[in-house]
Amino acid sequence: MSDPSADQQPAPVSVRAQILSTEHWSLLATRGLAWNESFSRASWFLTVVSATVVALALVADSTGFGPGFRLFALVLLPLLVVIGVATVVRLVQLNSEDVELVAGMNRLRRGYLDLAPELEPYFVTGHREDVAGLMQTYGVRRARIPAGQYLSSIALLVSVIVAVLIGALAGMIGDAAGAGLEAAIGVGVAAGVVALAVLVRLVVRQVNRTWERR
């Protein structure tokens, strides 16, 4: 018996272009959803932090920074830290997903160029899946990740806030345990620096791991 697939003719160019275009718009929509989630999570976290600061200020005003204030703060700050760490982890995941989506869109552009190679001079974004091609799609004419991309990322900015919260929590725990003011401040600063180093390492390692697949 003959193989049925051997009798099938290649799809017309117009059909192939339509299929590639449909997939391209699907990836673009998914990328838009990922960006919306990224901004929403960061905004929601900042809103919770702002509301907590206002609540702590009101409690401090009514209790005079007494035991009631410390108890209230020691209940809320750990919750903020947990929410913040979860936000950082999800933002890092969304960054990795965005890179994969951009790589898929570059692959589809290469498919467009296979159908119409003469259109290459009109493509502003990249059509390769290596770092240089992805950077071109992101609008950066470099063959490696610029340092500014780490410093300006939403995940890193949220990490700084989380580290400050961890430092404040550690300082309050030290103060509640009977340590002096200077010792409590030292504990808080040390805890904040360590937390920031850990979170930055998490962000940088995940970003590097994502780009090393290219």
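Residues numbered from 1 in each chain as written. Predicted model: local features only at pLDDT ≥ 70, side-chain atom pairs only at ≥ 80, totals over all residues. Heavy atoms only, no water.

Novice: Just to check I follow, could you spell out the overall build of the protein for this structure?
Specialist: Within the protein one finds six helices and zero strands. Its helices and strands taken in sequence order, the protein reads α-α-α-α-α-α from the N to the C terminus. The C-alpha radius of gyration computed for the protein amounts to 25 Å, which surpasses the reference 17 Å derived for 214 residues by more than 25%, pointing to a less compact arrangement than a globule. Oriented by its inertia axes, the alpha-carbon framework of the protein measures out at about 85 × 40 × 30 Å. Scored against the burial criterion, the 214 residues of the protein give a buried share of 36%. Across the protein, 17 positive and 16 negative side-chain charges occur, with their mean positions spaced 5 Å apart. (Helix = DSSP H or I, 4+ residues; strand = E, 2+ residues; numbered from the N terminus. Rg over C-alpha atoms; globule rule 2.2 N^0.38 Å. Buried < 20%, exposed > 50% of the residue type's maximum accessible area, 1.4 Å probe, protein only. Lys, Arg positive; Asp, Glu negative; His and termini not counted. Charge placed at Lys NZ, Arg CZ, Asp CG, Glu CD.)

Novice: What exactly am I supposed to notice about helix α6 (residues 181-212) here?
Specialist: Turn by turn, an α-helix covers 3.6 residues, leaving residues three or four places apart pointing in a common direction. With 32 residues, α6 extends 46 Å from end C-alpha to end C-alpha; this agrees with the ideal 46 Å at 1.5 Å per step. Buried within α6 are the following residues: A184, G188, G192, A195, L199, V203, V207, T210 and W211. (Expected span 1.5 Å × (residues − 1).)

Novice: Would you explain unusual backbone geometry in this entry?
Specialist: Negative phi is the rule for most residues except glycine; trans is the rule for most peptide bonds. A positive phi angle, near 60°, is found at F65, a position not held by glycine. Relative to the helices and strands, F65 resides in the loop between α1 (13-63) and α2 (67-115).

Novice: Explain a nonpolar patch on the surface to me, please; I cannot follow it from the model alone.
Specialist: Residues L181, I185, V189 and V193 make up a contiguous nonpolar surface patch of roughly 400 Å² in combined accessible area. For V189, the position within the fold is in helix α6. (Patch = residues over 30% accessible without salt bridge, like charges linked within 9 Å, V, L, I, M, F, W, Y side chains within 5 Å. Areas by Shrake-Rupley, 256 points an atom, 1.4 Å probe, with all protein chains shown as cover. Salt bridge = Lys/Arg side-chain N within 4 Å of Asp/Glu carboxyl O.)

Novice: How do you make sense of the environment of V82 when you look at a structure like this?
Specialist: With respect to the secondary-structure elements, V82 resides in helix α2. Residue V82 is classed as exposed on the basis of its relative accessible area of 55%. Separated by 45 residues in the primary sequence, V82 and E37 place their C-alpha atoms 18 Å from one another.

What is shown is where atoms sit, not what they do.
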